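Results of the structural survey
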Amino acid sequence: MIDSQFFYEKEICMRSISIISGTRPAGRTVDHLQMPRADHGLLFLWEGEALFSSAAHANITVHPGELFYIPAGFYYKMKYTAKATAFVLVNMDLQTEDGKAAALSNHMAVLARDDKGHRLFEIMAGFERCSTEIGPGVSFRKKELAYKLLGAVLEENTPGNQEGKKYSAILPGALMLQKTYLENHPISKFAQASNISLTAFRSLFAEIWHVTPAIQKSSANRAGRFPAEGGQLHRGGSGLCRRLR
């Protein structure tokens, strides 16, 4: 999870922004086990795969479409593991207005993933273009893209937005469950309606409504009506509810 205290333009300053982009073959490594990283890094992969290892935590594999954060001062080793890995790496020095060090997180982490709107894709493509451009406007363009990127990361990591995404992911199946609870459909059918795996559907359903879909369906059958009648599913015994329509 990001440290959102620095996500205010009046407080965060980018002293320098540099960009590296290209394609690397399998086996190529970047070793910061002896000398820590100088700047904060945001790595985005177009294709391929990169494996990060450090003494601080377990290995992390970065995949295409993921935005990976590497803190300044961090000791790690990175290895390209695919036949060819295309990437954009944005390095930046983050500080508050009074000169104190700022960070997005205290450890390496995937901060965001490209979605159907391809917002990250467009921002990182802009950075890649900047890496080959020269002129007085390039510096301003880099900062503009950097703030857009940080805004996208903040939005991705906002708790309310995360819950909304989870809710949207299972909504088709939850609506089907509400409408067909008297029919003998397996839970896998509701997961299929949401276009997610059975395991993911069960997990998200229980996380949002504090009850498994099987128990919700069984309770409705015993009661002779669906507990969400009127467009609501109840969250455990808390009295809270979530509208389905």
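Described below are features of the structure shown in this document. Please read these numbers as outputs of a predicted model, since none were measured by experiment.

This model, assessed by the stated rule, comprises three salt bridges. Where Lys148 meets Glu144, a salt bridge forms, and the shortest distance between an N and an O atom there is 3.8 Å. Remark: Glu144 and Lys148 occur in helix α2 (residues 138-157); sequence separation between them is four residues, near one turn of the helix. Lys148 gets classed as partly exposed once you look at its relative accessible area, which sits at 42%. Salt bridges linked by common partners bring Arg141, Glu144 and Lys148 together as one network.

This part is about the pairing of strand β4 (residues 50-53). Only one face of β4 is buried: it carries Ala50 and Phe52, and the other face, with Leu51 and Ser53, is open. In terms of strand pairing, β4 meets strand β5 (residues 60-62) through three bridges, oriented antiparallel. By the bridge assignment, Ala50 is partnered in β5 with Val62. In this antiparallel pair of consecutive strands, β4 and β5, the connection spans six residues.

In this section: the packing of aromatic side chains. According to the stated counting rule, one finds six aromatic pairs in the structure shown. Between Phe201 and Phe205, the ring centres sit 5.8 Å apart and the planes meet at 45°, which makes this aromatic pair tilted. With a gap of four residues between them, Phe201 and Phe205 both fall in helix α5 (residues 198-209), about one helical turn apart. In this pair, the class of Phe201 matches that of Phe205, namely buried. By the ring-pair criterion, three or more aromatic residues cluster together here, those being Phe44, Trp46 and Phe121.

Ranked by internal contacts, the top residues of the largest apolar core, which has 28 residues, are Leu42, Leu67, Val90, Met124, Phe127 and Leu149. The set of elements that each furnish at least two residues to this core consists of β1 (12-25), β3 (40-47), β6 (66-70), β8 (84-96), β9 (109-113), α1 (119-130) and α2. When residues of this core are assigned to their parent elements, the largest contribution, seven residues, is made by α2. Membership of the second largest hydrophobic core comes to 14 residues, among which are Leu43, Phe52, Phe74 and Leu89.

So, about α5. An ideal rise of 1.5 Å per residue puts 16 Å on twelve residues; α5 measures up with 16 Å between its terminal C-alpha atoms. Inspection of α5 places Phe201, Leu204, Phe205, Ile208 and Trp209 among the buried residues, and these make up the whole buried set. Down the axis of α5, the smallest arc covering the buried residues is 105°, so these residues share one side.

For the rest of this paragraph, the subject is the environment of Ile60. Mapped onto the elements of the fold, Ile60 is located in strand β5. Spatially, the C-alpha atom of Ile60 lies 9.5 Å from that of Met78, the residues being 18 residues apart in sequence. If we skip the residues at most four places from it in the chain, Ile60 touches Ala50, Leu51, Phe52, Phe68 and Met108.

What follows deals with α1. The end-to-end C-alpha separation of α1 is 17 Å, in line with the 16 Å expected for twelve residues at 1.5 Å each. Restricting attention to buried positions, one finds in α1 the residues Leu120, Ile123, Met124, Ala125, Gly126, Phe127 and Cys130.

One open sheet holds the four strands; their spatial order is β2-β7-β4-β5, and the pairing between them is antiparallel. With one partner strand each, in any of the chains shown, β2 (29-31) and β5 form the two edges of the open sheet. Here the strands of the sheet are splayed against their neighbours by 15° on average, with no regard to which way each runs.

Moving on, we get to unusual backbone geometry. Of note, the phi angle at Asn195 is positive, near 60°, even though the residue is not glycine. For Asn195, the position within the fold is in the loop between α4 (187-193) and α5.

Here we take up the side chain of Ser194. Note on placement: Ser194 falls in the loop between α4 and α5. A polar contact is formed between the side chain of Ser194 and the backbone nitrogen of Gly173, at a distance of 2.9 Å. With near-sequence residues (within four places) excluded, Ser194 lies in contact with Ala169, Ile170, Leu171, Pro172, Gly173 and Phe201.

Conventions and cut-offs
- Residues numbered from 1 in each chain as written.
- Predicted model: local features only at pLDDT ≥ 70, side-chain atom pairs only at ≥ 80, totals over all residues.
- Heavy atoms only, no water.
- Salt bridge = Lys/Arg side-chain N within 4 Å of Asp/Glu carboxyl O.
- Helix = DSSP H or I, 4+ residues; strand = E, 2+ residues; numbered from the N terminus.
- Buried < 20%, exposed > 50% of the residue type's maximum accessible area, 1.4 Å probe, protein only.
- Pairing = 2+ DSSP bridges.
- Phe/Tyr/Trp six-rings, centres within 6.5 Å; stacked < 30°, edge-to-face > 60°.
- Core = buried A, V, L, I, M, F, W, Y, C linked by side-chain atoms within 4.5 Å.
- Expected span 1.5 Å × (residues − 1).
- Arc of directions from axis to C-beta.
- Contact = heavy atoms within 4.5 Å.
- Axes fitted to C-alpha atoms, helices over the stretch in contact; angles between N-to-C directions.
- Polar contact = N/O pair within 3.5 Å; in protein donor to acceptor, adjacent residues only side chain to side chain.

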